[in-house]
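The residues making up each chain are set out below.
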Amino acid sequence: MKPARVIITLFAAVTLSIPLAPVASAAPDTGGHKQTLRWAAPKGFHIGTAVAGGGHHENQPYPDPFTSDRKYRQVLAAEFGSVSPENQMKWEYIHPERGRYNFGTADAIVRFAQQNRQVVRGHTLMWHSQNPEWLEQGQFTAAELRQILREHITTVVGRYRGRIQQWDVANEIFTDSGALRTTENIWIRELGPGIVADAFRWAHQADPRAKLFFNDYNVEGVNAKSDAYYALIKDLRAAGVPVHGFSAQGHLSLDYGFPDDLERNLKRFAGLGLETALTEVDVRMTLPASGVPTEAQLRQQADYYQRMLVACLNVSSCRSFTIWGFVDKYSWVPVFFQGQGAATVMWDDFTRKPAYYVLRSTLAKRGA
């Protein structure tokens, strides 16, 4: 079967309607005091956030945050030196039909980043979740699936060539026991484990300057899952596959202990010659009946945020620390974890929590 003709949907009206706040006016450094996270950060260290939109947001009683909330964009520009599309570059959003792409919001995010002197993390090219029905339910041969994946990676990465600093190429490909997701992941199930290496090769061909990452949750510490990544990456790099980085997502909960070996784990991946990063950091909690966190919970949350940041700062290869949303009203946590929330560093009205101040002071000390 011949490859389907590619139709690119721009949605230019949406893209062009988004006001862009320049960094210089949004985040002044008055009197030498580090007022925001991005200005407090050490030189060459990127403090980032996910850009809210798509996914679960489409089912919530508010319009798309990035395109509709001016205050949100102002804070996004002022506080962060790196942005990651939360859902807007995932398959179901950016490639909703075979041969048709929806680049409108992704283009707007990249343009916003350029105008505000921010770098971009691309998320994600190969994953078992949030795939469109046409892909998951299609009756494709192995050859057709391989061509679909190659065309997708080449088209998406190529579109943003030179404008995206890091890509999460393969996302969550192992289970917690360290086994490949051969049932859930359509690519590995239908094409075999070797497709992972091909995905990295194709992404590198499409943008040789972008840093290419494996990304996952529950890999903050040394365990079966992170061991599986360590062994795989070691083998891939020995075979010349362009794997440049390993990132732990950092979705933590106050219901569980802190991964004390986070720094040691990042250092062993750095020892393979990799860049490392924390890419989806938040700290959720089971809320009291009032729905308002206790002072003790807020202190513990701030401690978890700080310890993750310090671990990253202590590893020379870890130069990117991204929180998965910065304001509670747009957080994914309450949608997916019943009775839990308050996972970000700002309240619904954008006022700052203790976790925010701890991050800023920690960055400032290292940047001094």
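Residues numbered from 1 in each chain as written. Predicted model: local features only at pLDDT ≥ 70, side-chain atom pairs only at ≥ 80, totals over all residues. Heavy atoms only, no water.

Peer 1: Looking at this structure, how should I read the overall build of the protein?
Peer 2: Helix and strand counts for the protein stand at 16 helices and 12 strands. Against the 2.2 N^0.38 benchmark of 21 Å for 368 residues, the protein shows a C-alpha radius of gyration of 20 Å, consistent with a compact globule. Expressed along its principal axes, the backbone C-alpha trace of the protein runs to roughly 60 × 45 × 40 Å. Expressed as a percentage of the 368 residues in the protein, the buried residues total 57%. Pairs at least 24 residues apart make up 79% of the contacts formed inside the protein by residues separated by at least 6 positions. (Helix = DSSP H or I, 4+ residues; strand = E, 2+ residues; numbered from the N terminus. Rg over C-alpha atoms; globule rule 2.2 N^0.38 Å. Buried < 20%, exposed > 50% of the residue type's maximum accessible area, 1.4 Å probe, protein only. Contact = heavy atoms within 4.5 Å.)

Peer 1: Is there a simple way to explain the packing of helix α9 (residues 142-159) against helix α11 (residues 194-206) in this structure?
Peer 2: Relative orientation and spacing of two packed helices are given, respectively, by the angle between their axes and the distance between those axes. For the pair α9 and α11, the least separation of the axes is 8 Å and the interaxial angle reads 35 degrees. The two elements α9 and α11 cross, and the hand of that crossing is right-handed. Contacts from Arg 146, Leu 149, Arg 150, Ile 153, Thr 154, Val 157 and Gly 158 in α9 reach Ile 195, Asp 198, Ala 199, Trp 202, Ala 203, Gln 205 and Ala 206 in α11. (Axes fitted to C-alpha atoms, helices over the stretch in contact; angles between N-to-C directions. Left-handed = near helix turned anticlockwise from the far one by under 90°.)

Peer 1: I would appreciate a short explanation of the pattern of salt bridges in the present structure.
Peer 2: Between side chains of opposite charge, a pair can form as their charged atoms come close. For the structure on display, the rule yields 18 salt bridges. One salt bridge in this structure joins Asp 198 and Arg 146, with 2.6 Å as the shortest N-O distance. Note that Asp 198 is positioned in helix α11 and Arg 146 in helix α9, a separation of 52 residues in sequence. Asp 198 sits in the buried class, given a relative accessible area of 14%. Among the salt bridges present, the one from Arg 201 reaches Asp 198, with a minimum N-O distance of 3.1 Å. Of this pair, Arg 201 and Asp 198 both sit in helix α11, 3 residues apart, roughly one helical turn. It is possible to trace a salt-bridge network through shared partners that takes in Arg 146, Asp 198 and Arg 201. (Salt bridge = Lys/Arg side-chain N within 4 Å of Asp/Glu carboxyl O.)

Peer 1: I keep staring at unusual backbone geometry and nothing clicks. Help me out?
Peer 2: Trans peptide bonds make up the majority, and among non-glycine residues the majority have a negative phi. For the bond running from His 123 to Thr 124, omega is 0 degrees, close enough to zero to count as cis. Positionally, Thr 124 belongs in strand β5 (residues 119-126). With a phi close to 55 degrees, Gln 130 is a non-glycine residue in the positive phi region. The residue Gln 130 is located in the loop between β5 and α8 (133-136) in this model. The phi dihedral of Asn 218 is positive, around 55 degrees, even though this residue is not glycine. Secondary-structure assignment places Asn 218 in the loop between β7 (211-216) and α12 (224-238).

Peer 1: Sorry if this is basic, but what is going on with the packing of helix α13 (residues 262-270) against helix α14 (residues 295-313) here?
Peer 2: For the pair α13 and α14, interaxial distance at closest approach is 9 Å and the crossing angle is 30 degrees. Relative to α14, α13 is oriented roughly parallel. Crossing handedness for the pair α13 and α14: right-handed. Judged by residue contacts, Leu 262, Glu 263 and Leu 266 of α13 engage Met 308, Ala 311 and Cys 312 from α14. Residues belonging to the contact of α13 with α14 are distributed by class as follows: 5 nonpolar, no polar and 1 charged. (Parallel < 35°, antiparallel > 145°, perpendicular 65-115°, else oblique. Nonpolar A, V, L, I, M, F, W, Y, C, P; charged D, E, K, R; others polar.)

Peer 1: Can you help me understand the state of the cysteines in this one?
Peer 2: Where two cysteines share a covalent bond between their sulfur atoms, that bond is called a disulfide. In the structure shown here, the tally under the stated rule is 1 disulfide. The disulfide bridge from Cys 312 ends at Cys 318, spanning 2.0 Å between sulfur atoms. Around the S-S axis, the bridge from Cys 312 to Cys 318 shows a dihedral of about -100 degrees and counts as left-handed. Each member of the pair, Cys 312 as well as Cys 318, carries the same accessibility label: buried. (Disulfide = S-S within 2.5 Å.)

Peer 1: Help me out: how do you make sense of the UniProt feature "domain: GH10" (unreviewed entry) in the protein in this one?
Peer 2: In this numbering, the UniProt entry assigns the feature "domain: GH10" (unreviewed entry) to residues 67-362. Helix makes up 42% of residues 67-362 and strand 18%, whereas the separation of the span's terminal C-alpha atoms amounts to 31 Å. (UniProt positions renumbered as here; feature names shortened; annotations may be inferred.)

Peer 1: Would you mind showing me how to read α13 here?
Peer 2: What α13 keeps buried is the set Leu 262, Asn 265, Leu 266 and Phe 269. Relative to the axis of α13, the buried residues are bounded by an arc of 95 degrees and lie together on one face. Next to the buried residues of α13 lie α12, β8 (245-248), β10 (275-286), α14 and β11 (318-323). (Arc of directions from axis to C-beta.)

Peer 1: Before we go on, may I ask you to explain the side chain of Ser 253 in this structure?
Peer 2: With respect to the element layout, Ser 253 can be found in strand β9 (residues 251-253). The exposure class assigned to Ser 253 is buried, which follows from its relative accessible area of 4%. Of the polar contacts made by the side chain of Ser 253, one reaches the backbone nitrogen of Asp 255; its length is 3.0 Å. Once you skip the residues sitting within four places of it in the chain, Ser 253 turns out to touch Arg 284, Tyr 304 and Gln 340. (Polar contact = N/O pair within 3.5 Å; in protein donor to acceptor, adjacent residues only side chain to side chain.)

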